[in-house]
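Chains, contacts and geometry: an overview
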Amino acid sequence: MSAEPNPFALRSAPDISLEELKARPVKPGQASFYFFDNHFQHNAVKVLPGEYFVTNENVMLITVLGSCIAACLWDSRVGVGGMNRFRLPEGDSNDMSGRYGSYAMELLINEMMKLGARREFLQAKIFGGGRVISSFTNLNVGERNTEFVRDYLRTERIPVVSEDVIDILAGQAALVGPAGKAVVTPLAPPQTHAMGAR
């Protein structure tokens, strides 16, 4: 019996080994935790809070979300995609870190453009912004993050083709950057709903 094809493997994107990924220099704020994901049978990089990752290669970007937002952007024309994960919409103007959406979005887009992407061809999927601690009613960080990223993308004229935001559950988001294929897996209850590129 032959093995089932990996739905996240891209014929048009070049494969890359974990050894090759680990040997590359790491830019400030760039995710660098590389591993083989047994569930998806795919080389992957974990994007932690304040980090981003951009690629034109066949690698999966994975993050775990609560109130944070992961913005997943891709340009299917040139096969470039990326993900960031930010904690708050905005911060101190002197704090240039990916923890804040205002900086994280510009960093993600600029790094994608270095690989050949163009703003006018970008599409987006957004995940997270959850209200994972129900007792926090006055300061709903997840809703603020969601409102920020929607407004930002609207201003930049980047269409949001799908989203999974403002839930009460934490979840895992996974993206194969070059194709914009994404899947979100709530951490509880165990249920998966796929969001393919449109």
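Going by the structure above, here's the rest.
Read on for an overview of the structure.

**With respect to the packing of helix 2 (residues 101-114) against helix 3 (residues 141-155)**
As a packed pair, helix 2 and helix 3 sit with axes 11 Å apart at the nearest point and diverge in direction by 45 degrees. Our classification of the angle between helix 2 and helix 3 gives oblique. In the packing of helix 2 onto helix 3, the handedness of the crossing is right-handed. Contact residues: helix 2 offers Gly101, Ser102, Met105, Glu106 and Ile109, while helix 3 offers Phe148, Val149, Tyr152 and Leu153. In the contact of helix 2 with helix 3, the residues fall into six nonpolar, two polar and one charged.

**Re the pairing of strand 9 (residues 171-176)**
Along any regular strand, the residues point their side chains to alternate faces of the sheet. For strand 9, the buried fraction is high: five of the six residues fall into the buried class. By the bridge criterion, six bridges tie strand 4 (residues 60-65) to strand 9 in an arrangement that is antiparallel. Across the sheet, residue Thr63 finds its bridge partner in strand 9, namely Ala173. By the bridge criterion, six bridges tie strand 9 to strand 10 (residues 181-186) in an arrangement that is antiparallel. By the bridge assignment, Ala174 is partnered in strand 10 with Val183.

**Remarks on the side chain of Glu111**
Within the secondary structure, Glu111 sits in helix 2. Setting aside anything within four residues of it in sequence, one finds Glu111 in contact with Lys27, Tyr52 and Val54.

**Overview of helix 3**
Because an α-helix packs 3.6 residues into every turn, residues spaced three or four apart end up facing the same way. Compared with an ideal rise of 1.5 Å per residue, which puts 15 residues at 21 Å, helix 3 spans 21 Å between its outermost C-alpha atoms and is within 8% of the ideal. Against strand 5 (69-75), strand 6 (80-86), helix 2, strand 7 (123-128) and strand 8 (160-165) lie the buried residues of helix 3. You can read the cap of helix 3 off the contacts: a side-chain oxygen lies 3.2 Å from the backbone nitrogen of Gly142, and it is on Asn140.

**Considerations on the packing of aromatic side chains**
For the structure on display, the rule yields four aromatic pairs. Ring centres of Phe33 and Phe35 lie 5.8 Å apart, and the angle between their planes is 45 degrees; this geometry places the pair in the tilted category. For the ring pair Phe148 and Tyr152, a centre distance of 5.9 Å and an interplane angle of 40 degrees mean the geometry is tilted. Here Phe148 pairs with Tyr152, and both are found in helix 3, just four residues apart, close to one helical turn. For the pair shown, Phe148 and Tyr152 are each scored as buried.

About the criteria used
Residues numbered from 1 in each chain as written. Predicted model: local features only at pLDDT ≥ 70, side-chain atom pairs only at ≥ 80, totals over all residues. Heavy atoms only, no water. Axes fitted to C-alpha atoms, helices over the stretch in contact; angles between N-to-C directions. Helix = DSSP H or I, 4+ residues; strand = E, 2+ residues; numbered from the N terminus. Parallel < 35°, antiparallel > 145°, perpendicular 65-115°, else oblique. Left-handed = near helix turned anticlockwise from the far one by under 90°. Contact = heavy atoms within 4.5 Å. Nonpolar A, V, L, I, M, F, W, Y, C, P; charged D, E, K, R; others polar. Buried < 20%, exposed > 50% of the residue type's maximum accessible area, 1.4 Å probe, protein only. Pairing = 2+ DSSP bridges. Expected span 1.5 Å × (residues − 1). Polar contact = N/O pair within 3.5 Å; in protein donor to acceptor, adjacent residues only side chain to side chain. Phe/Tyr/Trp six-rings, centres within 6.5 Å; stacked < 30°, edge-to-face > 60°.

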